Amino acid sequence: MANTKYVFVTGGVSSSLGKGIIAASLAKLLQARGYRVTIQKLDPYINVDPGTLNPYEHGECYVTDDGAETDLDLGHYERFLNTPTSQANNVTTGRIYQSVIQKERRGEFLGKTVQVVPHITNEIKERIQILGKSGNYDIVITEIGGTVGDIESLPYIEAVRQLKWELGDANALVIHLTLIPYLSAAGELKTKPTQHSVKTLMESGIKADILVCRTEHELSDDLRRKLALFCNVRQEAVIESIDASTIYDVPNLMLEEGLDKVVLKQLLLQDDDEPNLEKWNDFLQRHKNPKCQVTIGLIGKYVELQDSYKSILESFIHAGAENEVKVNVVSIHSEYITKDTIENKIAHLDGILVAPGFGERGTEGKIKAVQYARENKLPFFGICLGMQMAVIEYSRNVLGIKEASSVEVDKNTPHPVIDIMEEQKSITDMGGTMRLGSWDCELMENSKVLEAYGKSMIAERHRHRYEYNNNYKEQLEKAGLRTTGINPKTGLVEIVEIPDHPWFVGVQYHPEYKSTVANPHPLFIAFIRAAVEYSKNDKSAKVSQG
Ligand code: GLN
């Protein structure tokens, strides 16, 4: 196709309406019709990327193959589309300003006064079109973070207005996601907040082409007509987005509402064939009809906010569907795991996942949890910090090195079994300086990981500063903690496992970033399978004991 088409998704009335899921669902439908689609997120905050943000702020930081630290919505895009994203898919105000200021310092603006309009808006327009100009996509969907009317969103809205004017209605359209609140006292759905937010958009010169209305109740024809009339859209362009039991239902709900057709019609693209959602629906079928269930403890320190471990939770859903198992995830705060509470918190579980994390808080609880899983043959999966805790636990309790620790936790530890990477020692900047992105890893013969992946060379995404200390490798191996995955170029240890345990695997990388609906992650699949086995054996053991 000659020119790329652009779809913009803005939000009104309230935050947290799920723009990312709507964008991903539309993209899924367009992809299932054979279009090449990608999604981009523009974030109006001033951080250059979310890498320096505490997970309590915006949830998990998602990492791409090219090592970009990005918004968690990119995770949804990849999980829905099964195609990788990159740095170009997430742009923040901080990054925009950083690049404009660098250009100014280089004298690229030839003595002009540098201003929000046109310099910042031009930079935004350029960033939006980078993906389109790559020639790799027929349609680029750009999600504008924040809510219309926010001061910080204004330059983005202005950039969209200009692009829409330049490209024309057949090449660029705006979807406005809004909320239709239900007033139970009046027993009515209310359209007024939507009318106001469409008007706010209009004041910035943008007419919404499509309204996607989040609602707890069905929209009647009358209400759709009213919304269309007062918000200046065609009636078929009023799309209901009713609360769904799973985000993975949203593409089908949008299909029923005809969102993809309305988009294609306006963009003058062919919409005759129905989207092919066979694989997707097959996944949904298995997700909704589990044959048994397991309960997994997710042990971390940011558990109060579900979004902190978004990709891990979604990976469990994918792996659960693959195994036809319902995976109940119980969040356990690592700070509250002590020798007195551990039995109560962990004994009833079918497996534990010790989560990634930073800093000292909660690490002793994680170590205790690892010990429990190791000693009781409970399936264990350690990710990043979770793997590092497993190495410390083994060093302390099996090798007998009582003072073993990570330099991150105790910088003067006499036994840094987890040490700072050599190239990290001189780095002082926090942002974008960890070991990031995709790195190769070679898997060893006769290992659980080789069995799970079914191939010996893998590439997985990283985000860490500290590392397994190879000086302790020989001792640890001898004592039974096998290293079964190694970076072939650097020799860095990527995976540890205990052969003499039903399933004890710790990985330095983040497998959760690569699990998608179409490709559930092999390690999550294998871990859930081990948990199912454990739950059967454990239960029958208990019955025979009883
Ligand atoms: N804090 C650890 C490190 O920097 C682990 C990071 C993580 O879990 N993502 O190495």
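What you see as residue numbers is a count from 1 along each chain, following the sequence as written. This being a predicted model, a pLDDT of at least 70 is required before a residue's local features are given, and a value of 80 or more before pairs of side-chain atoms are given or counted; all residues contribute to the totals for chains, interfaces and linings. Only hydrogens and water are removed before side-chain values are computed, so all heavy atoms of the structure are retained for them.

**Structural notes on the sheet that holds strand β20 (residues 466-468)**
- In space, the three strands of this open sheet follow the order β16-β17-β20, with mixed pairing throughout. Each end of this open sheet is capped by a strand with a single partner; those strands are β16 (404-406) and β20. In this sheet, neighbouring strand axes are inclined to one another by 30° on average, regardless of whether the strands run parallel or antiparallel.
- Note that strand β17 (residues 415-420) and β20 share three bridges and pair antiparallel. Note that in β20 the partner of D419 across the bridge is E467. Note on pairing: DSSP must find at least two bridges between two strands before they are called paired. Only runs of H or I of at least four residues qualify as helices and only runs of E of at least two qualify as strands under DSSP, and these elements are numbered from the N terminus. The convention used is that axes are lines fitted to C-alpha atoms, helices contributing only their stretch in contact, and that angles between N-to-C directions extend from 0 to 180 degrees.

**Re helix α5 (residues 116-133)**
- Helix span, expected: 1.5 Å multiplied by one less than the number of residues in the helix. Look at α5: 24 Å from first C-alpha to last across 18 residues, which is about the 26 Å you get at 1.5 Å a residue.
- Summary of the burial criterion: residues with accessible area below 20% of their type's maximum are buried, those above 50% are exposed, and those between are partly exposed, where the area comes from a 1.4 Å probe applied to protein chains only. Along α5, the residues that are buried comprise H119, I120, T121, E123, I124, K125, R127, I128, Q129, L131 and G132.
- Working rule for contacts: check all heavy atoms of both residues, and any pair within 4.5 Å makes them a contact. Residues of α5 that are buried make contact with β1 (5-11), β2 (37-43), β5 (90-92), α4 (93-105), β6 (139-144) and α6 (154-167).
- With its phi angle positive at about 80°, G135 sits one or two positions after the end of α5.

**Observations concerning the site of the ligand**
- All residues in the neighbourhood of the ligand are listed as P356, G357, F358, C384, L385, Q388, E408, R463, H464, R465, Y466 and H510.
- Here an oxygen atom of the ligand sits 3.1 Å away from a polar atom, N or O, in the main chain of L385.
- Pairs of N or O atoms within 3.5 Å make up the polar contacts considered here, provided that, within protein, one atom can donate a hydrogen while the other can accept it, and that residues adjacent in sequence are counted only when both atoms are side-chain atoms. One of the backbone N or O atoms of Y466 is found 2.9 Å from an oxygen atom in the ligand.
- The protein chains shown are the only cover counted for residues, whose accessible areas, like all others here, come from Shrake-Rupley with a 1.4 Å probe. In isolation the ligand offers 300 Å² of accessible surface; the protein chains occlude 99% of this area.
- Only protein atoms enter the 1 Å grid used here, on which a cavity is any set of points holding a 1.4 Å probe that cannot leave and a pocket is any open set flanked by protein within 12 Å on both sides along at least five of seven lines; residues with an atom within 4 Å of a point are listed as lining. The rule for placing a molecule in a cavity or pocket is simple: more than half of its atoms must lie within 2 Å of the grid points. At a threshold of 2 Å from the grid points, most atoms of the ligand map onto the largest cavity. Whether a residue is near a molecule or strand is decided by its heavy atoms; if any one of them lies within 4 Å of it, the residue is near.

**Side note on a nonpolar patch on the surface**
- A contiguous nonpolar surface patch, about 320 Å² in accessible area, is contributed by Y97, I101, V116 and V117.
- Elements with a contribution of two residues or more to the nonpolar patch: α4 and α5.
- Following the sequence through the fold, V116 ends up in helix α5. By definition, no residue in a patch forms a salt bridge, and every one has over 30% relative accessible area; like charges are joined within 9 Å, nonpolar side chains (Val, Leu, Ile, Met, Phe, Trp, Tyr) within 5 Å. Here, a salt bridge means any Lys or Arg side-chain nitrogen found within 4 Å of an Asp or Glu carboxyl oxygen.

**Remarks on the pattern of salt bridges**
- Enumeration over the complete set of coordinates arrives at 40 salt bridges.
- Between K103 and E126 there is a salt bridge, and its shortest N-O distance comes to 3.8 Å. Placement of K103 in helix α4 and of E126 in helix α5 is noted, with a sequence separation of 23 residues between them.
- Note that E236 is salt-bridged to K265, the shortest N-O span being 3.1 Å. Here E236, found in the loop between α8 (221-231) and β11 (238-242), pairs with K265, found in helix α10 (residues 259-266); they are 29 residues apart in sequence, far enough to count as distant.

**Focus on the side chain of D49**
- Relative to the elements of secondary structure, D49 occurs in the loop between β2 and α2 (55-58).
- A distance of 2.8 Å separates a polar atom in the side chain of D49 from the backbone nitrogen of G51.
- In contact with D49, other than residues within four places in its own chain, are E69, T92 and R95.

**What to know about empty space enclosed by the protein**
- Grid points are joined across faces, edges and corners, and a volume is the space filled by probe spheres set on the points. Summed over the entire model, instances satisfying the criterion amount to two cavities of 30 Å³ or more.
- The computed volume of the largest cavity comes to approximately 70 Å³.
- Lining of the largest cavity is provided by P356, G357, F358, C384, L385, Q388, E408, R463, H464, R465 and Y466.
- Counting only elements with at least two residues in the lining of the largest cavity, the list comes to α15 (385-397) and β19 (457-464).
- Broken down by class, the residue content of the lining of the largest cavity amounts to five nonpolar, three polar and three charged.
- The volume enclosed by the second largest cavity comes to roughly 40 Å³.
- Taken together, T10, G11, I144, G145, G146, T147, V148, S153 and I157 form the lining of the second largest cavity.
- Per-class residue counts for the lining of the second largest cavity are three nonpolar, six polar and no charged. In this classification, Asp, Glu, Lys and Arg are treated as charged, Ala, Val, Leu, Ile, Met, Phe, Trp, Tyr, Cys and Pro as nonpolar, and every other residue, Gly included, as polar.

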